[in-house]
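For reference, the chains in residue letters:
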Protein chains: 2
Amino acid sequence: MSQPDPKRVKTDDDAPYELIYWPVIPGRGEFVRLVFEEAGVPYSDVAQNIEKGMDAVKSLTSTDNIGDEHNPPALAPPALKHGDLLISQTPNILLYVAPRVGLAPKEGNGVYHLNEIVLTILDGLVNELHDTHHPIAISLYYEDQKEESKKKSEYFIKERLPKYFKYMQRVLDAKTSGEGPWLYGDSLTYADLVLFQAVDGTKFAFPKSTKALKKSGEYDGVFKLYDAVKERPNISNYLQSDRRRKYSEGIWRYYPELEEE
Amino acid sequence: MSQPDPKRVKTDDDAPYELIYWPVIPGRGEFVRLVFEEAGVPYSDVAQNIEKGMDAVKSLTSTDNIGDEHNPPALAPPALKHGDLLISQTPNILLYVAPRVGLAPKEGNGVYHLNEIVLTILDGLVNELHDTHHPIAISLYYEDQKEESKKKSEYFIKERLPKYFKYMQRVLDAKTSGEGPWLYGDSLTYADLVLFQAVDGTKFAFPKSTKALKKSGEYDGVFKLYDAVKERPNISNYLQSDRRRKYSEGIWRYYPELEEE
């Protein structure tokens, strides 16, 4: 068996960045897109073509996929191809890309703090929001787990949403957050983009609840950061382009009945 | 406001490693412990003292905690203190520690493959197993969501468990897995320890289902790797010591009714 030395899996830094993700929905691919868009770094996005996008994801997730000589197989998209390297898992892709495009420090331990904030938002707020409409099984339709969804959403709105907003506000209140609106240090990092997308998706899925959080005045820093990211020239252009998908299926879905009291 | 430069958050590599985690249960702290135990690297574990452990976790998770001049606040344990650095989130702690103790490459892109495997196991198999006994709300007792737990467990056993075991087997079948039983390259890495603990916890929580997976013969590599980790001298010593907690509450719980047909 051919034996790659992990130390020798190198990348040509001039190689193109190629995102593999489901077409049509924003989903987890959106966190990766925002990093490239803010940095102004070119990337290809297979999801731009519905048929090619579907084929790419299906071949990635096929149980016949046992990777190649450089890369182990991925379980799920998003995946990122960069030269010979293919990596998956959203926080992992962000961790790889962000320092290379100027959205995370290249040296020192700051990146572990950023990764910690990003993991908390993705593994917590984003995953739990997804589970509000699929609490029993991902293979069932929402309609077949509606009752449980309603029950889970009640706790999500009452307990979990404030918990995560409070956490993000605490990070902004910390000494490690700088003079600007950013989560960590004095300038925008990829963690700020992750917060933006997580809040934006939450606004779509739970508009009434997000409005109530804003009105409480307890999370002003979070909403200020959200606005600051939205107004970044590159992000603003992107959000108005057709590269930005509309919310529909996937993680962030709008089922008004889940917010009804 | 004092302004730390993220690039300047340095660590004294000779500083002691201090794990902060809930006392009594193995939980997510176990993934961190296994790394130190296998590497034979000393670490302190505040959970060794029930009262001190509870106090440390409570002060970590308190909403009054807004971190310090070096570190943003954590949402949840485990956390790791190393000199002035305090970081949280299991895969993040592992990513920091493993290259320092010889259980991940220090250079190159191999670490992104390891991180991807670890995130898939932790975010997937481990989190979903946890949710089998808490599908509606973490703040409710199991007894108050027993019906939903049973329903979720049926899909977990039928669909999700085989999906993750198949994924782990695919990684072992890949060319990037070496001659030995290991997930990536020719020697044991922290990803192998993560697989071991995830499978060990699954065996405890769903013994009949895990036995059936083993009997199927489809995941021989996974169980061979599990055995190989268990037989490592340092791990074997650790598992027989009183530093290893018994399963009880937390992620891995045994509710026989969840496996009944």
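These figures come from a predicted structure and were not determined experimentally.

**Quick look at the packing of aromatic side chains**
So, point 1. The tally for this structure, following the rule as stated, stands at 24 aromatic pairs over all chains.
So, point 2. On the basis of an interplanar angle of 15° and a centroid distance of 4.9 Å, the ring pair of Phe36(B) and Tyr43(B) is categorised as stacked.
So, point 3. The exposure class of Phe36(B) is buried, given its relative accessible area of 1%.
So, point 4. Cluster of aromatic residues (ring-pair linked, three or more members): Phe31(A), Phe204(A), Tyr247(A), Trp252(A) and Tyr254(A).

**Quick word on the relation of the copies chain A and chain B**
Each of the two chain copies goes to the other by way of a rotation about an axis and a shift along it.
So, point 1. Note on the copies: chain A fits chain B at an RMSD of 0.0 Å, the axial shift is 0.0 Å, and the rotation between them is 180°. In short, the pair behaves as if placed about a two-fold rotation axis. When C-alpha positions in chain A are compared against the rotation axis, the closest is assigned to Pro135(A), at 3.0 Å.
So, point 2. Here 100% of the interface residues in chain A have copies in chain B that are interface residues too; the copies meet face to matching face.

**Focus: the interface of chain A and chain B**
So, point 1. Between chain A and chain B, the residue contacts involve 77 residues of the former and 77 residues of the latter.
So, point 2. Carbon and sulfur atoms supply 57% of the area buried between chain A and chain B, which totals about 6600 Å² over both sides.
So, point 3. Looking at the side of chain A facing chain B, the largest losses of area belong to Leu75(A), Tyr112(A) and Arg170(A), adding up to 11% of the total buried there.
So, point 4. For the interface between chain A and chain B, the tally reads two salt bridges.
So, point 5. Among the ionic pairs, Lys151(A) bridges to Glu148(B), the shortest N-O distance being 2.6 Å.
So, point 6. One can count 26 residue pairs in polar contact (both at pLDDT 80 or more) joining chain A with chain B.
So, point 7. Going through the elements one at a time, α2 (50–61), β4 (85–88), α3 (90–100), α4 (110–133) and α5 (146–173) of chain A are the ones with two or more residues in the side of chain A that touches chain B.
So, point 8. If one sorts the elements of the side of chain A that touches chain B by residue count, α5(A) sits on top with 13 residues.

**Some thoughts on the sheet that holds strand β3 (residues 79–82) of chain B**
One key point about sheets: their strands pair by backbone hydrogen bonds, in either a parallel or an antiparallel sense.
All names here are of chain B.
So, point 1. If you trace the four strands from one edge of the open sheet to the other, you get β2-β1-β3-β4, paired in mixed fashion. The sheet is open, and its two edges are formed by β2 (43–45) and β4 (85–88), each paired on a single side. Looking at each pair of strands side by side, their axes are set apart by 20° on average, direction ignored.
So, point 2. One ladder, built from three bridges, connects strand β1 (residues 17–20) with β2; its direction is parallel. In the sheet register, glutamate 18 faces β2, and the bridge partner there is serine 44.

The rules behind each value
- Residues numbered from 1 in each chain as written.
- Chains lettered and ligands numbered in written order.
- Predicted model: local features only at pLDDT ≥ 70, side-chain atom pairs only at ≥ 80, totals over all residues.
- Heavy atoms only, no water.
- Phe/Tyr/Trp six-rings, centres within 6.5 Å; stacked < 30°, edge-to-face > 60°.
- Buried < 20%, exposed > 50% of the residue type's maximum accessible area, 1.4 Å probe, protein only.
- Least-squares fit on C-alpha atoms with pLDDT ≥ 70 in both.
- Contact = heavy atoms within 4.5 Å.
- Buried area = accessible area lost by both parts, 1.4 Å probe.
- Salt bridge = Lys/Arg side-chain N within 4 Å of Asp/Glu carboxyl O.
- Polar contact = N/O pair within 3.5 Å; in protein donor to acceptor, adjacent residues only side chain to side chain.
- Helix = DSSP H or I, 4+ residues; strand = E, 2+ residues; numbered from the N terminus.
- Pairing = 2+ DSSP bridges.
- Axes fitted to C-alpha atoms, helices over the stretch in contact; angles between N-to-C directions.

As far as function goes, none of this settles anything; it's purely spatial.
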